[in-house]
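# Residue-level structural notes
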Amino acid sequence: MSMLTPPGMGGRYRITGKRFPHMRRPRNRRRIVLAAVSSSVALALAGWGTFQLVDVFTGGPSETQAHGAGARGGKGAKDGDCKAAADEEAESKPLPRPSDITVNVYNATPRGGLAKITADELQSRGFRIGKVGNAPALYDKKVERVGLLIGAPTAAEGALRVIGTQMAGAEIKNDQRDTDEDVDLVIGNEFKELTARKDADRALTDMGVEPGEGPAPSRSPSSPSPSRAASPAARPSKC
């Protein structure tokens, strides 16, 4: 009988062998769960720390990545800011003086002499005069109103606004010319005379523009034009 066999327990209850059972403490499930959670947190912190180190040594994420969501989601706001900035710049930009504006004067009516008379009067008001003559075919005898003021889109709040004080009721039109200080004044069928000088000067002053001074006109706007005395064989000039 083995020494491990209690007295009175022989036979099939006898304990044989040289090894004896070891008693094991019951497992604690709470400790196991806590250990697993702690391991997960430690791994997450280690990964985050590695990511930060990579950013430090590589210069960090680009500005586009850092603000990508804002750039994509704020396109409308960005466009609005750009438009507001453009409007503010247009408002802060001073209007050109009459002496800074070159006016091309064209006559689109059957009446002769209007282009020359009008150009002389504008010159006396300080404007620079460019071309003077009959209107091109696109406008000749096709302007029913007082007239047309034509210039580059960028001249809408500049030169066209200033020259508009001289011809009340004129229609504004834009074309694709390169300069915004060169404008066309096309005289229409309803034109009688330019805006009275005192009223035009007052309008310029209200806009913050000093009225211009120039040489006296060569003839009065009411004077007849000698250009109608052309030979019958030649095309009569109506400038």
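Structure shown above.
A brief structural summary.

Cut-off values and rules
- Residues numbered from 1 in each chain as written.
- Predicted model: local features only at pLDDT ≥ 70, side-chain atom pairs only at ≥ 80, totals over all residues.
- Heavy atoms only, no water.
- Helix = DSSP H or I, 4+ residues; strand = E, 2+ residues; numbered from the N terminus.
- Buried < 20%, exposed > 50% of the residue type's maximum accessible area, 1.4 Å probe, protein only.
- Contact = heavy atoms within 4.5 Å.
- Areas by Shrake-Rupley, 256 points an atom, 1.4 Å probe, with all protein chains shown as cover.
- Salt bridge = Lys/Arg side-chain N within 4 Å of Asp/Glu carboxyl O.
- Core = buried A, V, L, I, M, F, W, Y, C linked by side-chain atoms within 4.5 Å.
- 1 Å grid on protein atoms, 1.4 Å probe; cavity = no way out; pocket = protein on both sides within 12 Å on 5 of 7 lines; lining within 4 Å.
- Points joined across faces, edges and corners; volume = space filled by probe spheres on them.
- Nonpolar A, V, L, I, M, F, W, Y, C, P; charged D, E, K, R; others polar.
- Pairing = 2+ DSSP bridges.

Here we come to the overall build of the protein. Counting its regular elements, the protein contains 7 helices and 5 strands. Reading the protein from its N terminus to its C terminus gives the helix and strand order α-α-α-α-β-α-β-β-α-β-β-α. A buried classification covers 28% of the 239 residues belonging to the protein. Across the protein, every contact between residues at least 6 apart in sequence was considered, and the portion connecting residues at least 24 apart equals 75%. Summed over all atoms, the accessible surface of the protein reaches about 16,700 Å², with 56% contributed by carbon and sulfur.

Inspection of every chain in the model, using the stated rule, returns 11 salt bridges. A salt bridge links arginine 177 to aspartate 175; its shortest N-O distance comes to 2.7 Å. Through salt bridges with shared partners, one network takes in Asp175, Arg177, Asp182 and Asp184.

This brings us to the nonpolar core. By size, the foremost hydrophobic cluster in this structure holds 25 residues, and its most contacted members are Val103, Val105, Leu122, Ile163 and Leu185. Looking at this core, the elements that each hand over two or more residues are strand 1 (102-107), helix 5 (114-124), helix 6 (159-163) and strand 5 (182-187). In this structure, leucine 185 is in contact with Val103, Asn104, Val105, Tyr106, Thr118, Leu122, Leu148, Leu149, Ile163 and Met167, ignoring residues within four places of it in sequence.

What follows deals with the layout of surface pockets. Quantified by volume, the largest pocket comes out at close to 220 Å³. Here the residues of the lining of the largest pocket sort into 8 nonpolar, 2 polar and 4 charged.

Now for the pairing of strand 5. Along strand 5, 5 of the 6 residues are buried, which leaves the element largely enclosed by surrounding structure. Bridge analysis of strand 1 against strand 5 gives 6 bridges, and the strand direction is parallel. What sits directly across from valine 105, in strand 5, is leucine 185. Two elements, strand 3 (residues 147-151) and strand 5, share 4 bridges in a ladder whose sense is antiparallel. Residue isoleucine 150 lies in a different strand from strand 5, and its bridge partner there is aspartate 184.

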